[in-house]
Amino acid sequence: MRIVCAGRGFASVLFLLLGIIAATACGGDSGDEITTRLITAVPADATPTLAPGETPTPLVPPELVLSAVQVYQAGAVLVSVTGDVKAGTATFLGRTFTLAKGSQSMFAFVAVDTEDSPGPHPLRVDITMPNGSKGTLEDTITVLKTDWTVDSLEFDSQTSELLDPKTNADELALLKAIYSGVTPAKLWDGPWLMPVNGVVTARYGEQRSINGSAPSGHHSGTDLGAMEGTPVTATNSGRVVLAKQLKVRGNMVIIDHGGGLFSGYCHLSEIDVTEGQMVHGGDVIALSGNTGLSTGAHLHWEIASQGVWLDALRFTDGTNGF
Ligand SMILES: [Zn+2]
């Protein structure tokens, strides 16, 4: 059986409670065919009690849909399960992502980290049906290598205190705690938008040589050139969960887009939203600036899924398949 795919990488599996499963998928840009199969299916522990004359409502078989079957390091695959599913998790490269309730499916942005190994890796999705049945769907996602650039930076003595590893570690711990939360609902809606129109001055993942040191680390966001006072807009809809001054990132806003997906906006000169506020994609949330550890006015833009920092540009350039 062959299913015709629309658009980029797409995978599909048909799940039947008691049957042997046949499944097919399209192979995205590569044109390769990928076989998807069910590896376990546990029937309900009891047949639902029906009133006299009542007929059972058939379950809609779950179907696994991937936005792409090839993804770059620091990219993400939007993993969706349609049909009658009430809960689930997706496991990839040793990380487990909680599925959240979408408009027509359950979903998670399955993240690929900066240092994850290129090549094919198994994806496992464990699901629970409304009647308590459990099942597992699997597929394969191929990680593509990203060549990280290196930038040399000079900081003067006034800013050197901000290079204290503990200062940075404390801030990263705060962000990691926020980014690891999962709101079990879809707050984002539609395409992911650039927060300003400025040119990219430093890509996500870029390695840095500071004051002549050996290149290390990976830049945790995308730097976009923006004059001080440039309006900064929300990359998508969601709830503001942080709006305050930090030491390294300066004035920062974080938006929770639901399903464990967050965006962050840093070095702001002015914050125009408050924590708890709902915003729409494209709404002005702040003005760009040069606060915190910054050598000139710009916007540092972050995206993270369930605790993994990602390349925000891959949410707007189509390489994640959405
Ligand atoms: Zn930056």
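Thresholds, definitions, all that
Residues numbered from 1 in each chain as written. Predicted model: local features only at pLDDT ≥ 70, side-chain atom pairs only at ≥ 80, totals over all residues. Heavy atoms only, no water. Pairing = 2+ DSSP bridges. Helix = DSSP H or I, 4+ residues; strand = E, 2+ residues; numbered from the N terminus. Phe/Tyr/Trp six-rings, centres within 6.5 Å; stacked < 30°, edge-to-face > 60°.

Undergrad: Tell me about the sheet that holds strand 4 (residues 63–66), residues and numbers included.
TA: For sheets, the rule is that strands pair by backbone hydrogen bonds, running either parallel or antiparallel. Strands sit in the order 4-6-10-9 across an open sheet of four strands; the sheet is antiparallel. Looking at which strands have only one partner, the edges of the open sheet turn out to be strand 4 and strand 9 (100–101). Pairing analysis gives six bridges linking strand 6 (residues 76–82) to strand 10 (residues 106–111), with the strands arranged antiparallel. Opposite Val81, over in strand 10, you have Met106 as the bridge partner.

Undergrad: Go over the sheet that holds strand 17 (residues 231–233) with me, naming the residues and quoting the values.
TA: Taking strand neighbours across the sheet as the criterion, the three strands line up as 17-23-21 in an open arrangement whose pairing is antiparallel. Only two strands of the sheet have a single partner each, and these edge strands are strand 17 and strand 21 (270–271). The pairing of strand 17 with strand 23 (residues 284–287) spans three bridges and is classified as antiparallel. Note that in strand 23 the partner of Pro231 across the bridge is Leu287.

Undergrad: Explain the packing of aromatic side chains to me, using residue names and the numbers behind them.
TA: One pass over the full model with this rule turns up 12 aromatic pairs. Geometrically, the ring pair formed by Trp148 and Tyr204 is edge-to-face, given 6.4 Å between the ring centres and 70° between the ring planes. Taken together, the residues span a long stretch of sequence, with Trp148 in the loop between strand 12 (134–144) and strand 13 (150–153) and Tyr204 in the loop between strand 14 (200–202) and strand 15 (207–210) at a distance of 56 residues. Measuring from ring centre to ring centre gives 5.1 Å for Tyr179 and Trp309, while their planes differ by 75°; the resulting arrangement is edge-to-face.

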